[in-house]
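# Coordinate analysis (summary)
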Amino acid sequence: MNSPRPEGLFIGLCTLDVVQLVDHVPASNEKLTAREQMVAAGGPAANAAVTFAHLGGSARLLTGIGSHPLGVAVAADLGRLGVDVCDLAAGSVEPPAVSSILVTASSGDRAVASTNASGARLVPPADLHALVAACAVVEFDGHHMELATAAARVARAAGRRTVLDGGSWKPGTEELLSSIDVAVCSADFRPPGTKGPEDTLRFLREHGVAWTAISRGGRPILWAGPDGSGTVDVPSVRVADTLGAGDVLHGALTHRLAAQGELTPRGFADALRGAAAVASRACSSFGTRAWMQSR
């Protein structure tokens, strides 16, 4: 008998990503021809939802895209990949946020310019309680903070596990943390007064987050929980592109956490280890989609 598909709700940013693979980042007034390009839906929450769906989960994305032709293309791309989109900006005719991304072929490093969610206010929908109740886990990327904070409170009250992708510290993050169960943050996530990963883990614990981790690229992930702490090694791969690696990590982690009951140190470390393996695989090819074709 097959197990039911885990259901996840992803709340945050969705963009149109225009990605160019280049030999180097151009200097001022320099033009160059890219080796390859990729155009796809992007953003931390969107990429995490795509990963969750690819791994066999039922993913719903709560975001703002709009009805501009570029937004229609973004929604279609997500639908093709199995993500159910709930667009809170469906009435807007403005173009979606566009991320312009350059990936350096020799190193896999990326340079990104985007408006992200600046200037876009999303009001929590009337059916927010129903959306949360229908899932096992809710993941947030910290964008659209008013919506995120409201949904996290609902999820906490409903007993749904909440997961934060802490890419960077944003206004309102401290309030959001009070309703977060699991926070996995990048080394760039620096709460006020912190100077390094240990400070960040302590800050998160002091603000009520039970299970925490810091990802550091190819270096081991640091983690801490109520009854233990440790590290998780990241598989070594030939890096072609680091774009979206953190998003994939969170989507894979959320997929594993959706199927777990009460967390234990071993269970949390194992979930991080499995998610790191998926994220490492994603780094071995250009763009945010090619890794899914080799599964």
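Everything discussed here concerns the structure shown above.
Report follows, based on the coordinates.

What counts and what doesn't
Residues numbered from 1 in each chain as written. Predicted model: local features only at pLDDT ≥ 70, side-chain atom pairs only at ≥ 80, totals over all residues. Heavy atoms only, no water. Helix = DSSP H or I, 4+ residues; strand = E, 2+ residues; numbered from the N terminus. Buried < 20%, exposed > 50% of the residue type's maximum accessible area, 1.4 Å probe, protein only. Pairing = 2+ DSSP bridges. Right-handed = clockwise from strand over helix to strand, strands pointing away. Phe/Tyr/Trp six-rings, centres within 6.5 Å; stacked < 30°, edge-to-face > 60°. Core = buried A, V, L, I, M, F, W, Y, C linked by side-chain atoms within 4.5 Å. Contact = heavy atoms within 4.5 Å. 1 Å grid on protein atoms, 1.4 Å probe; cavity = no way out; pocket = protein on both sides within 12 Å on 5 of 7 lines; lining within 4 Å. Points joined across faces, edges and corners; volume = space filled by probe spheres on them. Nonpolar A, V, L, I, M, F, W, Y, C, P; charged D, E, K, R; others polar.

## Considering unusual backbone geometry
Residues other than glycine seldom take positive phi values, yet Asn 29 does so here, at roughly 70°. For Asn 29, the position within the fold is in the loop between strand S2 (15-22) and strand S3 (36-42). For Asn 29, a relative accessible area of 81% corresponds to the exposed category. In the Ramachandran plot, His 144 falls in the positive-phi region, its phi being about 50° despite a non-glycine side chain. With respect to the secondary-structure elements, His 144 resides in the loop between strand S8 (137-140) and helix H4 (145-158).

## Observations concerning the pairing of strand S5 (residues 83-87)
The pairing of strand S4 (residues 58-63) with S5 spans 5 bridges and is parallel. Of the residues in S5, the one forming a bridge with Ala 59 is Val 83. The parallel pair S4 and S5, bridged by helix H2 (residues 69-80), forms a crossover whose chirality is right-handed.

## Some details on the packing of aromatic side chains
What the rule picks out here adds up to 5 aromatic pairs. For the pair Trp 169 and Phe 203, a centre-to-centre distance of 5.6 Å together with 85° between the ring planes defines the contact as edge-to-face. Of this pair, Trp 169 sits in the loop between strand S9 (161-166) and helix H5 (173-177) while Phe 203 sits in helix H6 (residues 197-206), and the two are 34 residues apart along the sequence. Among the residues examined, Trp 169 registers a relative accessible area of 25% and is labelled partly exposed.

## Here we look at the nonpolar core
By size, the foremost hydrophobic cluster in this structure holds 47 residues, and its most contacted members are Leu 78 and Leu 272. Sorting the residues of this core by element identifies helix H1 (44-54), S4, H2, strand S10 (182-186), strand S11 (211-216), strand S12 (219-225), helix H7 (245-258) and helix H8 (265-282) as the ones contributing at least two each. For this core, the element with the most residues is H8, which contributes 9 residues. Sequence-distant contacts of Leu 78, that is, excluding residues within four places in its chain, are made with Cys 14, Ala 41, Ala 46, Val 50, Leu 61, Ile 65, Val 83 and Val 85. Counting 32 residues, the second-largest nonpolar core is a separate cluster that includes Val 138, Phe 140, Phe 203 and Leu 204.

## Some details on the layout of surface pockets
The space that makes up the second largest pocket amounts to roughly 300 Å³. Lining of the second largest pocket is provided by 18 residues; of these, Gly 64, Pro 95, Pro 96, Ala 97 and Ala 120 occupy positions nearest its centre. Its residues assigned to classes, the lining of the second largest pocket comprises 10 nonpolar, 7 polar and 1 charged.

## What to know about the environment of Ala 150
The topology assignment puts Ala 150 in helix H4. When the C-alpha positions of Ala 150 and His 129 are compared, they lie 10.0 Å apart, and in sequence the two are 21 residues distant.

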